[in-house]
Amino acid sequence: MSNFTPCMVKLANKDCVVIGGGKVAARKVISLLHAKCHVKVISPELCSGLKEIIDQCTYEKRMFQKDDTRGAFLVVAATNSKAINMEIYKESVDSVPFLNIVDDQQLSNFFLPSVVERGPLQIAISTTGTSPLVTKNIKQKVEALFGPEYEPYLKIIGELRKEIIETVGDSDEKKRLLLKLSSEELLVAFQENDAVGIDNFISDLWN
């Protein structure tokens with residue numbers, strides 16, 4: 001059993017440091033940029049993937065130095081040297097809230113999961129560093145199971161739910177409407193691209 005607990009963390013505008021310039025570092029940077037972090041990359045060299053997005057980061061072209069992690073909210077040690085990664089760990093372990101040592105899951109206290117996003121729906125998939133390839137395979141299966149129709153479906157659900165909560169005073173009626181709203185009838189209409197069915201469901205919801 002994993003000793004990691006899944007959670008959702010808002011990383012927007014947090015200072016994050018990624019040390020390393022290879023493909024693993026690139027994947028981490030992409031995830032952090034997507035989360036709207038302030039990302040600093042420290043590495044003497046960059047892989048092609050990182051070069052393409054480095055203009056979105058603060059970049060220091062050099063090796064890791066003492067105090068590079070000072071003040072960071074999140075640190076990723078992704079160098080190709082176990083010794084340097086260990087130095088980063090020792091400097092960060094007591095001062096950085098979120099620390100990921102890519103070649104040693106025992107030293108890490110978080111992992112950036114693979115995420116399937118469908119608008120407000122986020123499904124995080126992680127093998128806690130055990131096998132990125134297995135994680136990728138699982139993600140492909142989840143993407144097929146939860147298709148792109150979930151984004152507009154959940155958008156409508158959110159709008160209707162808000163309207164029900166704000167306008168329906170009777171608690172039993174509110175419960176009935178919310179229960180009806182969560183049925184799969186509307187989802188099936190979106191899956192079948194049935195515009196008439198969607199409109200009919202919304203109209204009939206209040207009846």
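Here the structure is shown first, and the text comes after it.
Predicted model, so just to flag it, every value in this text is computed and none were measured.

Pairing between side chains becomes possible if they bear opposite charge and their charged atoms approach one another. Tallied over the entire structure, the rule returns eight salt bridges. The partner of Glu 60 in a salt bridge is Lys 40, and the shortest N-O contact between them spans 3.6 Å. Here Lys 40 lies in strand 2 (residues 38-42) and Glu 60 lies in strand 3 (residues 58-60), a separation of 20 residues in the sequence. For Lys 40, a relative accessible area of 26% corresponds to the partly exposed category. In this structure, Lys 66 engages Asp 67 in a salt bridge whose closest nitrogen and oxygen atoms are separated by 3.6 Å. Owing to a relative accessible area of 69%, Lys 66 belongs among the exposed residues under this scheme. It is possible to trace a salt-bridge network through shared partners that takes in Lys 40, Glu 60, Arg 62 and Asp 68.

Glancing now at the packing of aromatic side chains. All chains considered together, the criterion is met by six aromatic pairs. Ring geometry for Phe 4 and Phe 111: centres 4.9 Å apart, planes at 70°, overall edge-to-face. Here Phe 4 is found in the segment before strand 1 (15-19), whereas its partner Phe 111 is found in the loop between strand 5 (98-101) and strand 6 (114-118), with 107 residues between them in sequence. By relative accessible area, Phe 4 is classed as partly exposed at 24%. A ring pair is formed by Phe 98 and Phe 110, whose centres lie 5.8 Å apart and whose planes are at 85°; its orientation type is edge-to-face.

What follows concerns the environment of Val 93. Among the structural elements, Val 93 can be located in the loop between helix 3 (82-92) and strand 5. Overall, the relative accessible area of 35% leaves Val 93 in the partly exposed class. A C-alpha to C-alpha distance of 9.2 Å links Val 93 and Asn 109, two positions 16 residues apart in sequence.

Calculation notes
Residues numbered from 1 in each chain as written. Predicted model: local features only at pLDDT ≥ 70, side-chain atom pairs only at ≥ 80, totals over all residues. Heavy atoms only, no water. Salt bridge = Lys/Arg side-chain N within 4 Å of Asp/Glu carboxyl O. Helix = DSSP H or I, 4+ residues; strand = E, 2+ residues; numbered from the N terminus. Buried < 20%, exposed > 50% of the residue type's maximum accessible area, 1.4 Å probe, protein only. Phe/Tyr/Trp six-rings, centres within 6.5 Å; stacked < 30°, edge-to-face > 60°.

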